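Understanding the architecture of this molecule
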Amino acid sequence: MSSYSNPPCAACKFLRRKCLPGCIFAPYFPPEEPTKFANVHKIFGASNVSKLLNEIPPHQREDAVNSLAYEAEARLKDPVYGCVGAISVLQRQVLTLQKELDATNADLMRYAGNEIPYPVMNLMLQNNQQRNDNGAGSFESSSGFSDPYSYPWGHGNGPSGERGGDGSS
Ligand SMILES: [Zn+2]
């Protein structure tokens, strides 16, 4: 009896049919958002939407409906390009910002180059190069440092082991 008092979902109201329990549209098209269904129906068609919703698992249906609603709204605003129009505008923005970022980074490098003397810069670059070589596993061929992890001060007799007697007396 209580189902009679429930208002029909936006889809059933729009299609002028009875909203039965288990209506596929009801969870995603509440009566408070009538334009959501109207847009989706206008662009995709109610029967296509119900077919699509039946084909995908329930936990993905809300995302699918939101995507359809977004696409439908974009298509109504821009009948030629739809949401592709918005995507290409954003892609152009990303490209412009990327170029700006590259230019700013180049400026920063130039300023840093003026402040740090060139020999130091070269040394920093060499250190980076060596670290990369070690990472690649080619340290065995590079002379004296056969094992990068054995330091001259690090063979068992660390500071903690030697200082133990000193502290107690
Ligand atoms: Zn319904």
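You'll find the chain entered in an unreviewed UniProt entry as LOB domain-containing protein, with Buddleja alternifolia given as the organism. In the Sequence similarities (unreviewed entry) part of its UniProt record, the chain is described as follows: "Belongs to the LOB domain-containing protein family."

1. Side note on the environment of P21
With respect to the secondary-structure elements, P21 resides in the loop between helix 2 (10–15) and helix 3 (34–44). The class of P21 is exposed, set by 7 C-beta atoms lying within 10 Å.

2. Some remarks on helix 3
The set of residues buried in helix 3 consists of K36, F37, N39, V40 and H41. Where the residues of helix 3 are buried, they touch helix 2, helix 4 (46–55) and helix 5 (58–77). Positive backbone phi, approximately 90°, marks G45, located one or two places after helix 3.

3. A look at the nonpolar core
Soluble, globular proteins show a tendency: their nonpolar side chains are buried together. Membership of the largest hydrophobic core comes to 15 residues, with the highest contact counts inside it found for C9, A11, F25, F29, V40 and L68. Those elements giving two or more residues to this core turn out to be helix 2, helix 3 and helix 5. No other element matches the four residues that helix 5 contributes to this core. F29 has contacts with C9, A10, A11, K36 and F37, leaving out every residue within four places of it along the chain.

4. Points about the packing of helix 3 against helix 5
Contact geometry of helix 3 with helix 5 gives a least axis separation of 8 Å together with a crossing angle of 70°. Considered as vectors, helix 3 and helix 5 are oriented roughly perpendicular to each other. Note on element contacts: helix 5 touches helix 3 through L68, A69, A72, E73, R75 and L76, opposite K36, N39, V40, K42, I43 and F44. Considering only residue class, the contact of helix 3 with helix 5 consists of seven nonpolar, one polar and four charged.

Conventions adopted
Each chain carries its own residue numbering, running from 1 in the written order of its sequence. Local features in a predicted model are, by the rule used here, given only for residues with pLDDT of at least 70; side-chain atom pairs are given and counted only at 80 or more, and totals for whole chains, interfaces and linings are based on all residues. UniProt positions are given in the numbering used here, feature names are shortened, and annotations may be inferred rather than shown by experiment. The numbering of helices and of strands both runs from the N terminus, where a helix is a DSSP run of H or I of at least 4 residues and a strand a run of E of at least 2. Whether a residue is buried, exposed or partly exposed follows from its count of other C-beta atoms within 10 Å of its own C-beta, namely 20 or more, 12 or fewer, or something in between, respectively; the C-beta atoms are built from the backbone. Two residues form a contact once the distance between their C-beta atoms, set from the backbone, is within 7 Å. Any nonpolar core is a set of buried residues, restricted to Ala, Val, Leu, Ile, Met, Phe, Trp, Tyr and Cys, that join up through C-beta atoms within 7 Å. Inter-axis angles, ranging from 0 to 180 degrees, are taken between N-to-C directions of lines fitted to C-alpha atoms, where helices are fitted over the stretch in contact. Orientation labels follow simple angle bins: below 35 degrees gives roughly parallel, above 145 gives roughly antiparallel, 65 to 115 gives roughly perpendicular, and whatever is left gives oblique. Think of it as three bins: nonpolar holds Ala, Val, Leu, Ile, Met, Phe, Trp, Tyr, Cys and Pro, charged holds Asp, Glu, Lys and Arg, and polar takes everything else, Gly as well.

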